[in-house]
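Structure at a glance
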Amino acid sequence: MPSARDDERSATSARLGRHAVLDTRRLEEAREAVARVYLDHDLSAPAEDVAMTLNATTDRLFTFGYLTYQSPAKLVMPPTEDNYHVNLTIAGATRAERSDGTRGSTAAGRSGLVLLPHHTNTVRWSADAEQWILKIPRSSLESHLGDQLGRPVHDVVDFEFGIDLTSPAGRTLLSSVEFLARELDRPGGLGDMPLAREQLEAFVMTQLL
């Protein structure tokens, strides 16, 4: 008979379920999968007990994925140099700090984080935390901003550490990300329409900016 934890894993696997990367209870497998899709990092959890689900897909503009550990977890992430990471918390909570001393926290549906390319970041997940995570190459985001400004952008975009998902722009960002997720899971949706998908991804970046 399936356990309650197995039922939880089945429910969470449904988010971007057509783009499954890994379900695992092994800490090192979890670390390796997230490193492969997003970035190298150190991962720790009490008694190395996780029930991790990672679903993700990469297109021309960015990588988009869903991640949960179903365990308290701590991630220490060195500077990526080449990518921004946008973490939108949709269940549970996280606490974070980066190498310049800035601290932040997230709560389900209310807040997120932007991890800049030139900082080390430490993020602590609650046991029930779930996130949408975007890995956006500097080339994608800075070119998109340059197109909007009408001039080249060569420097790292200095985002605030925290994102307010209760503001009008924040609500639109979260809604557009969740719409993208639904379309990518829907047979015949945007996942099968490259041009429409690229346009929606560009809209997501516009909302982030």
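Here the structure is a predicted model, which means the values were calculated and not measured.

In this section: the sheet that holds strand 5 (residues 73-77). Reading across from one edge, 2-5-10-7-8 is the order of the five strands in this open sheet, with antiparallel pairing throughout. Only two strands of the sheet have a single partner each, and these edge strands are strand 2 (42-44) and strand 8 (103-107). Going across the sheet, the axis of each strand differs from the next one's by a mean of 15°, ignoring polarity.

Another aspect to go through is empty space enclosed by the protein. Considering all chains together, one arrives at two cavities of 30 Å³ or more under this definition. If you add up the space inside the largest cavity, you get close to 100 Å³. Surrounding the largest cavity, 13 residues form its lining, Leu39, Leu75, Met77, Asn87 and Ile133 being those nearest its centre. Along the lines of polarity and charge, the residues of the lining of the largest cavity split into ten nonpolar, three polar and no charged. Approximately 40 Å³ is the volume found for the second largest cavity. If you trace the second largest cavity, you find it lined by Leu39, Met77, Pro78, Pro79, Thr80, His85, Leu115, Leu116, His119 and Asn121. Across the lining of the second largest cavity, the residue classes tally to six nonpolar, four polar and no charged.

With that settled, the discussion passes to the pattern of salt bridges. Applying the stated criterion across every chain, the model contains eleven salt bridges. The closest approach of N and O atoms between Glu142 and Arg138, which form a salt bridge, is 2.7 Å. Taken together, the residues span about one helical turn, with Glu142 and Arg138 both in helix 3 (residues 138-149) at a distance of four residues. The network of salt bridges with shared partners includes Glu28, Arg31 and Asp40.

Definitions and limits used
Residues numbered from 1 in each chain as written. Predicted model: local features only at pLDDT ≥ 70, side-chain atom pairs only at ≥ 80, totals over all residues. Heavy atoms only, no water. Pairing = 2+ DSSP bridges. Helix = DSSP H or I, 4+ residues; strand = E, 2+ residues; numbered from the N terminus. Axes fitted to C-alpha atoms, helices over the stretch in contact; angles between N-to-C directions. 1 Å grid on protein atoms, 1.4 Å probe; cavity = no way out; pocket = protein on both sides within 12 Å on 5 of 7 lines; lining within 4 Å. Points joined across faces, edges and corners; volume = space filled by probe spheres on them. Nonpolar A, V, L, I, M, F, W, Y, C, P; charged D, E, K, R; others polar. Salt bridge = Lys/Arg side-chain N within 4 Å of Asp/Glu carboxyl O.

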